[in-house]
Amino acid sequence: EDKVVQSPLSLVVHEGDTVTLNCSYEVTNFRSLLWYKQEKKAPTFLFMLTSSGIEKKSGRLSSILDKKELFSILNITATQTGDSAVYLCAVDNQGGKLIFGQGTELSVKP
Amino acid sequence: DTAVSQTPKYLVTQMGNDKSIKCEQNLGHDTMYWYKQDSKKFLKIMFSYNNKELIINETVPNRFSPKSPDKAHLNLHINSLELGDSAVYFCASSQDVLMNTEAFFGQGTRLTVV
């Protein structure tokens, strides 16, 4: 069965810290891996990764994919309280659906 | 303009009732989805439609019936609601199921069955 596992499940840091969120997957027909940020409401798209070793970057956030070892990491540098959210990793299995992990709840304290 | 909009945002209803959730997207996408997020925050796909045709039905009880009158709308009707149906339901859309593009999510409908 296709599976996506995220770690840690929750994380508490202080403003200015750097965090690394992990996502591993076992999927039969991998097409892409996506990261979303979920605050109170809708998950909002962060990154889509399809190729190994190519870093995607947006401001203080960056992500990379390793298709050999079947994992991805999401890095957030110089964290701010506004980064507090649940970060969701999902894999597109070419079947028209996203398979989500259970999310990492990040709390950034002032 | 809201890209993917759902109504209502909150729904509290009694067991046994029938209710509907509406979803509309103005992105011109061909594919729409319904996801369920349970209390543990797991998002799981329920249905997917591509150009008004059902392409995914993930072993959802047949009390749940999606309807797509056109490719911009995907509504979810639930019959004989049960306590276990309480969850947040998210509608989403993507450009085309055959294309490798991200899905955009609506704000969610929090359904509480009492």
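Quick caveat: nothing in here was measured; it's all calculated off a predicted structure. (Residues numbered from 1 in each chain as written. Chains lettered and ligands numbered in written order. Predicted model: local features only at pLDDT ≥ 70, side-chain atom pairs only at ≥ 80, totals over all residues. Heavy atoms only, no water.)

## Some words on the overall build of chain B
Item 1. A count of helices and strands for chain B gives zero helices and eleven strands.
Item 2. Compactness check: chain B gives a C-alpha radius of gyration of 13 Å against a globular reference of 13 Å for 114 residues, within 12% of the reference.
Item 3. Structurally, chain B occupies a C-alpha span of about 40 × 30 × 25 Å along its principal axes.
Item 4. Classification of the 114 residues of chain B by burial places 44% in the buried group.
Item 5. Nonlocal contacts in chain B, meaning residues at least 24 apart in sequence, comprise 54% of its contacts between residues at least 6 apart.
Item 6. Of the roughly 5,800 Å² of accessible surface on chain B, a fraction of 49% belongs to carbon and sulfur atoms.
Item 7. Side-chain charges in chain B split into 12 positive and 12 negative, and the spacing between the mean points of these groups amounts to 8 Å. (Helix = DSSP H or I, 4+ residues; strand = E, 2+ residues; numbered from the N terminus. Rg over C-alpha atoms; globule rule 2.2 N^0.38 Å. Buried < 20%, exposed > 50% of the residue type's maximum accessible area, 1.4 Å probe, protein only. Contact = heavy atoms within 4.5 Å. Areas by Shrake-Rupley, 256 points an atom, 1.4 Å probe, with all protein chains shown as cover. Lys, Arg positive; Asp, Glu negative; His and termini not counted. Charge placed at Lys NZ, Arg CZ, Asp CG, Glu CD.)

## Some points on the overall build of chain A
Item 1. If you tally the helices and strands in chain A, you get zero helices and eleven strands.
Item 2. Going from the N terminus to the C terminus, chain A shows its helices and strands as β-β-β-β-β-β-β-β-β-β-β.
Item 3. A globule of 110 residues ought to have a C-alpha radius of gyration of about 13 Å, and chain A, at 13 Å, matches this closely.
Item 4. Element-wise, carbon and sulfur atoms account for 48% of the exposed surface of chain A, whose accessible area totals about 5,200 Å².
Item 5. Put simply, chain A has 12 plus and 12 minus side-chain charges, and the middle of one group is 5 Å from the middle of the other.

## Details of the sheet that holds strand S3 (residues 19-25) of chain B
Strand-to-strand pairing in sheets goes through backbone hydrogen bonds, with the strands running parallel or antiparallel.
All names here are of chain B.
Item 1. Taken in spatial order, the four strands of this open sheet run S1-S3-S8-S7, and their pairing is antiparallel. Of all the strands in the sheet, the pair left with one neighbour each is strand S1 (4-7) and strand S7 (64-70). Across this sheet, the average inter-strand angle for adjacent strands is 20 degrees, counted without regard to direction.
Item 2. In the sheet, S3 pairs with strand S8 (residues 73-78) via four bridges, with the strands oriented antiparallel. Bridged to Ser 20 within S8 is His 77. (Pairing = 2+ DSSP bridges. Axes fitted to C-alpha atoms, helices over the stretch in contact; angles between N-to-C directions.)

## What to know about the state of the cysteines
All names here are of chain B.
Item 1. In total, this model carries two disulfides over all chains according to the counting rule given.
Item 2. Two residues, Cys 23 and Cys 91, share a disulfide whose sulfurs are 1.9 Å apart. One quick way to see it: the torsion about the S-S bond of Cys 23 and Cys 91 is about -80 degrees, and its sign makes the bridge left-handed. Of this pair, Cys 23 sits in strand S3 while Cys 91 sits in strand S9 (residues 87-94); the two residues are 68 residues apart in sequence, bridging distant segments of the chain.
Item 3. Under the relative-accessibility criterion, Cys 23 is labelled buried at 1%. (Disulfide = S-S within 2.5 Å.)

## Quick look at the packing of aromatic side chains
How two aromatic rings sit relative to each other is set out by the distance from centre to centre and by the angle between their planes.
Item 1. Taken as a whole, this structure holds ten aromatic pairs over all chains when the rule is applied.
Item 2. On the basis of an interplanar angle of 50 degrees and a centroid distance of 6.1 Å, the ring pair of Tyr36(A) and Phe100(A) is categorised as tilted. Remark: Phe100(A) occurs in strand S10 (residues 98-100) and Tyr36(A) occurs in strand S4 (residues 32-38); sequence separation between them is 64 residues. Pair check on accessibility: Tyr36(A) and Phe100(A) agree, each one buried.
Item 3. Seen from their ring centres, Phe100(A) and Phe105(B) are 6.1 Å apart, and the 75 degrees between their planes marks the pair as edge-to-face. Taken together, the residues span two chains, with Phe100(A) in strand S10 and Phe105(B) in strand S10 (residues 104-105). An identical accessibility class is assigned to Phe100(A) and Phe105(B); each is buried.
Item 4. A network of ring pairs unites the aromatic residues Tyr36(A), Phe45(A), Phe100(A), Tyr33(B), Tyr35(B), Phe90(B) and Phe105(B) as a single cluster. (Phe/Tyr/Trp six-rings, centres within 6.5 Å; stacked < 30°, edge-to-face > 60°.)

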